[in-house]
Amino acid sequence: MLDRLQELHDEAMKKVAEAEDLNDLKEVRVAYLGKKGPITEVMKGMGKLSAEERPKVGQKANEVRESVKSYIEEKEKAFEEAAMLEKLKKESIDVTLPGRPVSKGSRHPLTSVVETIEDVFIGMGFNVAEGPEVETDYYNFESLNLPKHHPARDMQDTFFITSDLLLRTQTSPVQTRTMEKHEGQGPVKIVCPGKVYRRDEDDATHSHQFMQIEGLVVDEGIRMSDLKGIFATFVKQYFGEERDIRLRPSFFPFTEPSAELDISCAMCGGKGCRTCKQTGWIEVLGAGMVHPNVLKMGGFDPDQYSGFAFGMGVERFAMLKYGIDDIRHFYTNDKRFLNQFTRV
Ligand code: 2U9
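Keep in mind it's a predicted model, so treat the numbers as computed, not measured. (Residues numbered from 1 in each chain as written. Predicted model: local features only at pLDDT ≥ 70, side-chain atom pairs only at ≥ 80, totals over all residues. Heavy atoms only, no water.)

Take the domain arrangement of the protein chain next. Each domain of the protein chain was delimited in the assignment, giving domain 1 (2-90) and domain 2 (109-341). Taken over C-alpha atoms, the centre of domain 1 sits 88 Å from the centre of domain 2. (Domains from an automatic or database assignment.)

Shown next as structure tokens:
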């Protein structure tokens, strides 16, 4: 039996030596050390041995098992280490390789236009005010002299969230909220930039989401001539010294009297061309003296205070300044479009 065990030992050790991977080792382990393996078989026959032989065979069997087991473990460890080294080699990073270029973002053209316009107004003593895009019916309509069922509400088809909550159709609620904060004390001198929403079909000149900048000045003795003076300065600073302005009568429920501001056409210098539809003028914004009802709802006494307000579409300003022919360019994020404004 001792010879048989030695034979089995030599056989197993040879197989371990020949094993090429962890799988081979597993096979040897199962074949020689498993419950159904030959060493176990030999040990099962020990009952037939004499009392003298039994411990010797038992000891030999244990020595064989231990020897084979430790050789298998040694080789397993070597295979595992080799696999780890191989893995590390594959995963190693060559720190000397040049980096991939990171494409730098830039200011969105609308952001640049808003910032430029803000700067012009800040230069004339205005503050910048912002407010929520989800508004109540009161701030978006009622406080602006647009009670429920007022026909002028149709001018701005609205995204309603509930019967009382909506996506603001203009930034005017910010002005009312600011007036309330002033508690009837002038002066108020603010510009309010922000996103607004209207249920429009998107096309080259309409977008259901766009940017506005509105403004409000409230103080004692504010007149239409103040409005015109501010616009004369603003237009020359934003569009250029050579631009003229004119005011045309208009109507808005929140201003009385109301006007539209035109600037002389840059294409033809006022002579008339396709851009200005042969008129020599291009409409840029709406404005007017704040309606007494609106002053009252903002907490100001219309007998003591007066004010003017205005509103402009930022996309329109950007389109006029950079000759952009389709409003959808601002919202489709085509890098070929956006990259043209990296230094604007
Ligand atoms: C208060 C009082 C008055 C804001 C005004 C306009 C005229 C106007 C349009 C310009 C292009 C909207 O984006 S647009 O379609 N806006 O013509 N907005 S006066 O008047 C106000 C606002 C707030 C408290």
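The discussion continues.
Looking now at unusual backbone geometry. In the segment running from Gly186 into Pro187, the intervening peptide bond is cis, with an omega of -5°. In this fold, Pro187 is placed in the loop between α7 (172-182) and β4 (188-197). Here the bond from Glu256 into Pro257 is cis, since omega is -5°, no more than 30 degrees from zero. Considering the arrangement of structural elements, one finds Pro257 in strand β7 (residues 255-264). With phi around 50°, Glu183 is a residue other than glycine that occupies positive phi space. (Helix = DSSP H or I, 4+ residues; strand = E, 2+ residues; numbered from the N terminus.)

Residues in contact with the ligand amount to 20 residues; listed here are only the nearest, Gln175, Gln212, Phe252, Gly286 and Gly311. At 2.8 Å, a side-chain N or O of Gln212 approaches an oxygen atom of the ligand. In the environment of the ligand, an oxygen atom lies 3.5 Å from a nitrogen or oxygen atom belonging to the backbone of Gly286. Protein coverage of the free-state accessible area of the ligand, which is 570 Å², stands at 88%. Mapped onto the shell around the ligand, the elements with two or more residues apiece are α7, β5 (209-219), β8 (281-290) and β9 (306-313). For the shell around the ligand, the class distribution of residues is 10 nonpolar, eight polar and two charged. (Near = heavy atom within 4 Å. Polar contact = N/O pair within 3.5 Å; in protein donor to acceptor, adjacent residues only side chain to side chain. Areas by Shrake-Rupley, 256 points an atom, 1.4 Å probe, with all protein chains shown as cover. Nonpolar A, V, L, I, M, F, W, Y, C, P; charged D, E, K, R; others polar.)

Running from N to C, helix α2 (residues 22-33) and helix α4 (residues 53-91) point in directions that differ by 165°, and their axes come no closer than 10 Å. By the angle class used here, α2 and α4 are roughly antiparallel. Relative to α4, the crossing made by α2 is left-handed. Residues Leu22, Leu25, Val28, Arg29 and Leu33 of α2 form the contact with α4, whose participating residues are Arg65, Val68, Lys69, Ile72, Glu73, Lys75, Glu76, Phe79 and Glu80. (Axes fitted to C-alpha atoms, helices over the stretch in contact; angles between N-to-C directions. Parallel < 35°, antiparallel > 145°, perpendicular 65-115°, else oblique. Left-handed = near helix turned anticlockwise from the far one by under 90°. Contact = heavy atoms within 4.5 Å.)

So, about the packing of aromatic side chains. With the rule as written, the count across this model stands at 16 aromatic pairs. Here Phe121 and Phe126 contribute two aromatic rings whose centre-to-centre distance is 5.1 Å and whose plane-to-plane angle is 75°, an arrangement assigned as edge-to-face. According to the relative accessible area criterion, Phe121 is buried, its value standing at 0%. For Phe126, a relative accessible area of 2% gives the class buried. When the ring of Phe300 is compared with that of Tyr305, the centres are 5.1 Å apart and the planes differ by 85°; the resulting orientation is edge-to-face. You'll find Phe300 and Tyr305 in the same group, each marked buried. (Phe/Tyr/Trp six-rings, centres within 6.5 Å; stacked < 30°, edge-to-face > 60°. Buried < 20%, exposed > 50% of the residue type's maximum accessible area, 1.4 Å probe, protein only.)

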